[in-house]
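Architecture and fold: a report
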Amino acid sequence: MKIRFSIVTVTYHAAQVLQRTLDSVLVQSYSGIEHLIIDGASTDATLSMVMAYKQQSDSGEGGHEVRILSEPDHGLYDAMNKALRLATGDYIVFLNAGDVLPSEHTLQSVADTYAKAVEQDGVEPGVMYGDTDVVDNEGNFLYHRKLQPPRKLSWRSFKWGMLVCHQAFYARTEIAKEIPYNLQYRYSADVDWCIRVMYQTEQRHMSLRRVPTVLVNYLEGGMSIKNHRASLRERFAVMRSHYGLFTTLTMHVWFVLRNLKSI
């Protein structure tokens, strides 16, 4: 079975960093792509860039379906929930403006992992995930992401931190649609969402499969970095809701000790 991907890019005044994101999707060798652009009513050059990209794709340069929605929203996670409602692919991934699929064969690698999982397990994976590299505003490589995804992942794994970058996390769309982002969280709803998706994956006896490659070049300095203290408080609340107070406190003591050792 040839699977189809829904790639979601949420934008708002993103013209400075958006083009390389669009280009990285356009050149994918894999043909089963729906690219959802969810824009928050930008007034800069974002929409003109997106329309030019759609024209390129419609003319056969990439051959992907590009769908655009531009209207006011209530923030990043509200826009992501709109995308969940619109997505029609088999798997969904969120690729923010400035983030890049690192190779023209990135989606083919995910599709190959899917085929191997079905052949070995007889069931489709609920989640596929991989590695992350961090880049600067010009797209230049900075470093490999400090937290590395394990070979075996479960919903309990995130008690050690967010081991998989949100943009390297491909969720089965039928599961993702049932789990909207919790808008009570302003900075860490992605952590909560990934945990809940993994939990539902295991409840359905579906696998979580590691793709043995870098799946995203992630733009340094996201929303949680810019609002670091508030983000940390939210992540504590997210972890407590899933793992309990004792485990969360214990793990945060370990986080502090780990950071002290790295100084």
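1. As for the overall build of the protein
In terms of regular secondary structure, the protein is built from nine helices and eight strands. Radius of gyration (C-alpha) of the protein: 18 Å, near the 18 Å computed for a compact globule of 263 residues. Put simply, the protein has 28 plus and 28 minus side-chain charges, and the middle of one group is 10 Å from the middle of the other.

2. Here's the deal with helix α8 (residues 228-243)
The terminal C-alpha atoms of α8 lie 22 Å apart, and with 16 residues this matches the ideal 22 Å at 1.5 Å per residue to within 8%. Along α8, the positions that sit buried rather than exposed are A230, S231, E234, V238, M239 and Y243. In the segment just after α8, G244 is the residue with positive phi, at about 90 degrees.

3. With respect to the side chain of S57
With respect to the helices, strands and loops of the structure, S57 is situated in helix α2 (residues 46-58). Reaching out from S57, the side chain makes a polar contact with the backbone oxygen of H64 at a distance of 2.4 Å.

4. Structural notes on helix α6 (residues 189-203)
Over its 15 residues, α6 extends 21 Å from the first C-alpha to the last, a length consistent with the 21 Å expected when each residue adds 1.5 Å. Once α6 ends, the next one or two residues include H205, with phi positive near 60 degrees.

5. Some thoughts on the environment of D73
Within the secondary structure layout, D73 lies in the loop between β3 (65-70) and α3 (76-86). Looking at D73, the relative accessible area reads 27%, which means it is partly exposed. Between the C-alpha atom of D73 and that of D39, which follows or precedes it by 34 residues, the distance is 8.4 Å. Discounting chain neighbours no more than four positions away, the residues touching D73 are D39, G40, D78, A79 and K82. At 3.0 Å, the side chain of D73 and the backbone nitrogen of G75 are in polar contact.

6. Digging into a nonpolar patch on the surface
A cluster of nonpolar residues, F141, L142 and Y143, forms a patch on the protein surface that exposes about 290 Å² of accessible area. Considering the arrangement of structural elements, one finds Y143 in strand β6 (residues 141-144). Taking relative accessible area as the criterion, Y143 reaches 39% and is therefore assigned partly exposed.

7. Observations regarding the pattern of salt bridges
Per the stated rule, a full pass over the model turns up twelve salt bridges. E174 serves as the salt-bridge partner of R204, at 3.9 Å between the closest nitrogen and oxygen. With R204 in the loop between α6 and β8 (208-219) and E174 in helix α5 (residues 173-176), the pair connects residues that are 30 residues apart, well separated along the chain. Bridged by salt links that share partners, the residues D90, E124, R172, E174, E178 and R204 form one connected network.

8. Considering unusual backbone geometry
Phi angles above zero are rare outside glycine, and H13 is one such case at about 50 degrees. When you line up the elements, H13 lands in the loop between β1 (5-11) and α1 (15-26).

9. Structural notes on the nonpolar core
Among the nonpolar cores identified, the biggest contains 73 residues, and F5, F94, F158, F169, Y170 and W193 are the most heavily contacted of them. At seven residues, the largest contribution of residues to this core is made by α6.

10. Description of the environment of Y53
Tracing the chain through its elements places Y53 in helix α2. Y53 has contacts with L22, V25, L26, H35 and V66, leaving out every residue within four places of it along the chain.

11. A word on the pairing of strand β5 (residues 127-135)
For β5, the buried fraction is high: nine of the nine residues fall into the buried class. As paired strands, β5 and strand β7 (residues 169-172) are joined by three bridges and run antiparallel to one another. Each residue of the ladder has a partner; that of Y129, found in β7, is F169. In this sheet, β8 lies alongside β5 in parallel orientation, the contact comprising eight bridges. Bridge pairing in β8 links D131 to V214. Counting the residues in the hairpin turn of β5 and β6 gives five residues, including G139, whose phi is positive at 85 degrees.

12. Regarding the packing of α1 against α2
Each pair of packed helices can be summarised by the angle the axes make with each other and by the distance between the axes. Across the interface, α1 lies against α2 with an axial gap of 10 Å and an inter-helix angle of 15 degrees. By the criterion of interaxial angle, the relationship of α1 to α2 is roughly parallel. Taken as a pair, α1 and α2 cross one another with a handedness that is right-handed. Here α1 contributes A15, L18, Q19, L22, V25 and L26 to the contact with α2, which in turn contributes T46, M49, V50, Y53, Q56 and S57. Here the contact of α1 with α2 is built from residues that sort into eight nonpolar, four polar and no charged.

Definitions and cut-offs
- Residues numbered from 1 in each chain as written.
- Predicted model: local features only at pLDDT ≥ 70, side-chain atom pairs only at ≥ 80, totals over all residues.
- Heavy atoms only, no water.
- Helix = DSSP H or I, 4+ residues; strand = E, 2+ residues; numbered from the N terminus.
- Rg over C-alpha atoms; globule rule 2.2 N^0.38 Å.
- Lys, Arg positive; Asp, Glu negative; His and termini not counted.
- Charge placed at Lys NZ, Arg CZ, Asp CG, Glu CD.
- Expected span 1.5 Å × (residues − 1).
- Buried < 20%, exposed > 50% of the residue type's maximum accessible area, 1.4 Å probe, protein only.
- Polar contact = N/O pair within 3.5 Å; in protein donor to acceptor, adjacent residues only side chain to side chain.
- Contact = heavy atoms within 4.5 Å.
- Patch = residues over 30% accessible without salt bridge, like charges linked within 9 Å, V, L, I, M, F, W, Y side chains within 5 Å.
- Areas by Shrake-Rupley, 256 points an atom, 1.4 Å probe, with all protein chains shown as cover.
- Salt bridge = Lys/Arg side-chain N within 4 Å of Asp/Glu carboxyl O.
- Core = buried A, V, L, I, M, F, W, Y, C linked by side-chain atoms within 4.5 Å.
- Pairing = 2+ DSSP bridges.
- Axes fitted to C-alpha atoms, helices over the stretch in contact; angles between N-to-C directions.
- Parallel < 35°, antiparallel > 145°, perpendicular 65-115°, else oblique.
- Left-handed = near helix turned anticlockwise from the far one by under 90°.
- Nonpolar A, V, L, I, M, F, W, Y, C, P; charged D, E, K, R; others polar.

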